[in-house]
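As a plain string of letters, each chain reads:
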Amino acid sequence: MAVLETIQKLKDTFLDTSTVIALTVFFTLLCLCTIIGHLLEEHRWANESITALLLGLIAGLVVLLVTQFESSKILVFNEDLFFLYLLPPIIFNAGFQVKKKQFFKNFTTILLFGIVGTVISFCLISLGAFLVFSRFGFTTLTFRDYLAVGAILSATDSVCTLQVLSQDDTPFLYSVVFGEGVVNDATSIVLFNAVQSLVVRNVSGLTALKLLGTFLYLFFTSTLLGIAAGLMSAFIIKTLYFGRHSTDREVALMMLMAYLSYMLAELLSLSGILTVFFCGIVMSHYTWHNVTESSRITTKHAFATMSFISETFIFLYVGMDAMDIDKWKASKASPGTSIGVSSILFALVLIGRAAFIFPIANISNCCKKRESTKIKFRQQFIMWWAGLMRGAVTIALSYNQFSESTTSSTQDNARMITSTIIVVLFSTVVFGSITKPLIEALLPRHANHNISDATDSPSLEDLRLLFLETGDPSEEGNSQPSRRKSSFRLLMTHTTYTVHHFWRKFDDKFMRPVFGGRGFVPFVPGSPSGAIDGAIEEEQTT
């Protein structure tokens, strides 16, 4: 009996009962989400993010009833849990699985939407909140709070974008909207951090230039860090070739170095989102081809599984946290006031996104000569619509700004948090459920030219032949300069494909021999593949 009592005391010491109960509830809900998601796989109106969000709301309501409306807190929303544990696997897998050619083909457009567009949205939302909110009794919010609202609501939900857009059916829309979402989240967080350190009394034109310089520094250093981490993992695995002894080690090294890149970025006050995204792209291009065949299958499915669990957990988390009765009591707002404030916030989101999607898309079209490469109005509308969803990044930033603010009253802080939650719930459920049917209605599969847009572009072989058409001036006479000029002009009209052609040549000649990749599988003497290659070579020489 004494031994049993001692064991019970140890259990009470090391295990927190409330944490065990919370994790049990969440894992049960994760299982339910997986099953229901499988049953609704072919359903056009539902996806797993909406299912998880609704299940979270229902579970939160059940807990609220069980506790007799005292508190529904099972697991308190924690920014560290979200940014350090749940978000990295999602962003890394997105970079690991992204179609690189399609992504970099639209890279300029992605940067315009993700950087310039986010700044435009930030300015409009901040200005609108500053002009309107005083009429709803927000008397203690400061100018910095209004700027923070602009940064918070400018952050799109790139996680939900993965659920509602298909990389195979709509490759252009997927690459642009998701790519913009990744850059947008990084830009919003940079703006949010800049607002936190802003001294309102000293704001001037120089402040804007400093902010621009800070963002450019964070963007390029974060990207370079992600590329360096990916290349280092490729070089280590190619050089040491862990697969000859243990495939577990090479899989573990890929996972650990990917997560290490994110943590290093956060440690250096850079953008972990950009770092781990580009690390995923580089790893898929080099590192993944250096591991054994079984490890390729393992990593591909392991990364996708971790991303899926994190996505589902986030939406469950948001759904259950929305039913926390303490926040709603602290806001002391009537249903009409809550709906009114949330409606204004969402209207500002609509206006802020429309203010840059349509102008930037049309400016981009003016710079394109080929009709097939221009962004049609229907595509612009879907890009505007799909980017209206707000998610966990918005909630996390809102908690950061208003949960512990000392400059404004507790009532105003709670009202801002609850209004943000309403915007997130409404945008995710309504816009998330309508996006798929909207795409099918506006861009039918049989008429979707984006899937075959590569057929309108010159092939790499055509570009290679253009470079070889230099000839000999002595043989061609006066006709050669005109041929060179026309070839150069033709290449300049296909800048993206020209850059891709030169990159392929540089990659094959310098990068892949060092870092590996497709066609550069590591050679290990004594390995089965090495023995076969040696036997073939010996047979050919004899």
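Residues numbered from 1 in each chain as written. Predicted model: local features only at pLDDT ≥ 70, side-chain atom pairs only at ≥ 80, totals over all residues. Heavy atoms only, no water.

Asks: Please provide a residue-by-residue account of the overall build of the protein chain, values included.
Replies: Along its length, the protein chain carries 23 helices and 0 strands. Counting over 542 residues, the protein chain shows a buried share of 48%. The contacts of the protein chain with a sequence gap of at least 6 include a subset with a gap of at least 24, amounting to 84%. (Helix = DSSP H or I, 4+ residues; strand = E, 2+ residues; numbered from the N terminus. Buried < 20%, exposed > 50% of the residue type's maximum accessible area, 1.4 Å probe, protein only. Contact = heavy atoms within 4.5 Å.)

Asks: Account for the environment of Ile 237, naming residues and giving values.
Replies: Residue position: Ile 237 is located in helix α10 (residues 205-240). Along the sequence, Ile 237 and Gly 516 sit 279 residues apart, while their C-alpha atoms lie 9.1 Å from each other. Beyond its immediate stretch of four places on either side in the chain, Ile 237 contacts Phe 242, Glu 250, Leu 253, Met 254, Thr 287, Asn 290 and Val 291.

Asks: So what's going on with the environment of Arg 378? Residues and values would help.
Replies: As for its position among the elements, Arg 378 is in helix α16 (residues 377-386). Judged by its relative accessible area of 47%, Arg 378 falls in the partly exposed class. Linking Arg 378 and Leu 442, residues 64 residues apart in sequence, is a C-alpha distance of 6.4 Å.

Asks: Can you explain unusual backbone geometry? Please cite residues and give values.
Replies: Not every positive phi belongs to a glycine, and Ser 269 is a case in point at roughly 60°. Summarising the element assignment, Ser 269 is placed in the loop between α11 (247-267) and α12 (272-290).

Asks: I'd like a rundown of the side chain of Ser 433, residues and numbers included.
Replies: Residue placement: Ser 433 occurs in helix α18 (residues 410-442). Residue classification places Ser 433 among the buried positions, given a relative accessible area of 14%. A distance of 2.6 Å separates a polar side-chain atom of Ser 433 from the backbone oxygen of Val 429. Of note is the side chain of Ser 433, whose polar atom sits 2.9 Å from the backbone oxygen of Val 430. (Polar contact = N/O pair within 3.5 Å; in protein donor to acceptor, adjacent residues only side chain to side chain.)

Asks: Now, about helix α9 (residues 171-196): what can you tell me, with residues and values included?
Replies: With 26 residues, α9 extends 37 Å between its outermost C-alpha atoms, agreeing within 8% with the 38 Å of an ideal straight helix rising 1.5 Å per residue. The buried fraction of α9 is high, at 23 of 26 residues. (Expected span 1.5 Å × (residues − 1).)

Asks: Give a detailed account of the nonpolar core, specifying residues and quantitative values.
Replies: The biggest cluster of nonpolar side chains holds 124 residues, and the ones touching the most others in it are Phe 133 and Met 383. The dominant element in this core, judged by the number of residues it contributes, is α9, at 14 residues. Aside from chain neighbours lying at most four places away, what touches Met 383 is Phe 113, Phe 172, Leu 173, Val 176, Val 177, Arg 353, Ile 357 and Ile 375. Listed in part, the 6 residues of the second largest apolar core include Leu 231, Ala 234, Val 282 and Tyr 286. (Core = buried A, V, L, I, M, F, W, Y, C linked by side-chain atoms within 4.5 Å.)

Asks: Describe the pattern of salt bridges, and please don't skip the residues or the numbers.
Replies: Enumeration according to the criterion identifies 5 salt bridges in this entry. One salt bridge in this structure joins Lys 327 and Asp 321, with 3.4 Å as the shortest N-O distance. Accessibility classification places Lys 327 together with Asp 321 in one group, the buried group. Across the salt bridge formed by Arg 512 and Asp 507, the nearest N and O atoms sit 2.9 Å from each other. Across the pair, Asp 507 and Arg 512 agree in class, each one buried. Connected through shared salt-bridge partners, Asp 507, Asp 508 and Arg 512 make up one network. (Salt bridge = Lys/Arg side-chain N within 4 Å of Asp/Glu carboxyl O.)

Asks: Describe the packing of helix α15 (residues 335-366) against α18, listing the residues and the values that go with them.
Replies: One way to put it is that α15 packs onto α18 with a least axis distance of 9 Å and a crossing angle of 60°. In terms of their interaxial angle, α15 and α18 are classed as oblique. As α15 runs across α18, the sense of the crossing is right-handed. Here Thr 337, Ser 338, Val 341, Ser 342, Leu 345, Phe 346 and Leu 350 of α15 come into contact with α18, specifically with Arg 415, Ser 419, Thr 420, Ile 422, Val 423, Phe 426, Ser 427 and Phe 431. Residue composition of the contact of α15 with α18, grouped by class: 8 nonpolar, 6 polar and 1 charged. (Axes fitted to C-alpha atoms, helices over the stretch in contact; angles between N-to-C directions. Parallel < 35°, antiparallel > 145°, perpendicular 65-115°, else oblique. Left-handed = near helix turned anticlockwise from the far one by under 90°. Nonpolar A, V, L, I, M, F, W, Y, C, P; charged D, E, K, R; others polar.)

Asks: Account for the environment of Ser 49, with residues named and values stated.
Replies: Along the chain, Ser 49 turns up in helix α3 (residues 48-66). Note on Ser 49: relative accessible area 1%, which makes it buried. Spatially, the C-alpha atoms of Ser 49 and Gly 432 are 8.4 Å apart, while their sequence positions differ by 383 residues. Not counting residues up to four positions away in its chain, the partners in contact with Ser 49 are Cys 160, Gln 163 and Phe 315.

Asks: Explain the state of the cysteines to me, and be specific about the residues and the numbers.
Replies: Applying the stated criterion to the full structure yields 0 disulfides. Here Cys 31 is not disulfide-linked; the sulfur of Cys 33 is the nearest cysteine sulfur, at 9.4 Å. (Disulfide = S-S within 2.5 Å.)

Asks: Break down the confidence of the model for the protein chain for me, with residues and values.
Replies: On average, residues of the protein chain score 79 in pLDDT, and 80% of them are at 70 or above. Per-element mean pLDDT across the protein chain ranges from 40 in helix α23 (residues 528-541) up to 93 in α11. The model gives residues 524-542 a pLDDT under 50, and that stretch makes 4 contacts with residues more than four places away or in other chains. (pLDDT = per-residue confidence, 0-100.)

Asks: Before we move on, could you go through a nonpolar patch on the surface and cite the residues and values that matter?
Replies: On the surface, a cluster of nonpolar side chains totalling about 500 Å² of accessible area is made up of Leu 206, Leu 209, Leu 212, Leu 216 and Phe 220. Note that Leu 209 resides in helix α10. (Patch = residues over 30% accessible without salt bridge, like charges linked within 9 Å, V, L, I, M, F, W, Y side chains within 5 Å. Areas by Shrake-Rupley, 256 points an atom, 1.4 Å probe, with all protein chains shown as cover.)

Asks: So what about the packing of aromatic side chains? Which residues, and what values?
Replies: For the structure shown, the criterion picks out 32 aromatic pairs. Taken together, a centroid distance of 4.8 Å and an interplanar angle of 80° make the contact between Phe 92 and Phe 303 edge-to-face. Of this pair, Phe 92 sits in helix α4 (residues 79-97) while Phe 303 sits in helix α13 (residues 293-321), and the two are 211 residues apart along the sequence. A single burial state applies to Phe 92 and to Phe 303, both of which are buried. The rings of Phe 346, Phe 358, Phe 377, Phe 381, Trp 384, Trp 385, Phe 426 and Phe 431 are connected pair by pair, giving a single aromatic cluster. We note Arg 296 situated over the ring of Trp 288; from NZ or CZ to the ring centre the distance is 5.7 Å. (Phe/Tyr/Trp six-rings, centres within 6.5 Å; stacked < 30°, edge-to-face > 60°. Lys NZ or Arg CZ within 6 Å of the ring centre and 35° of its normal.)

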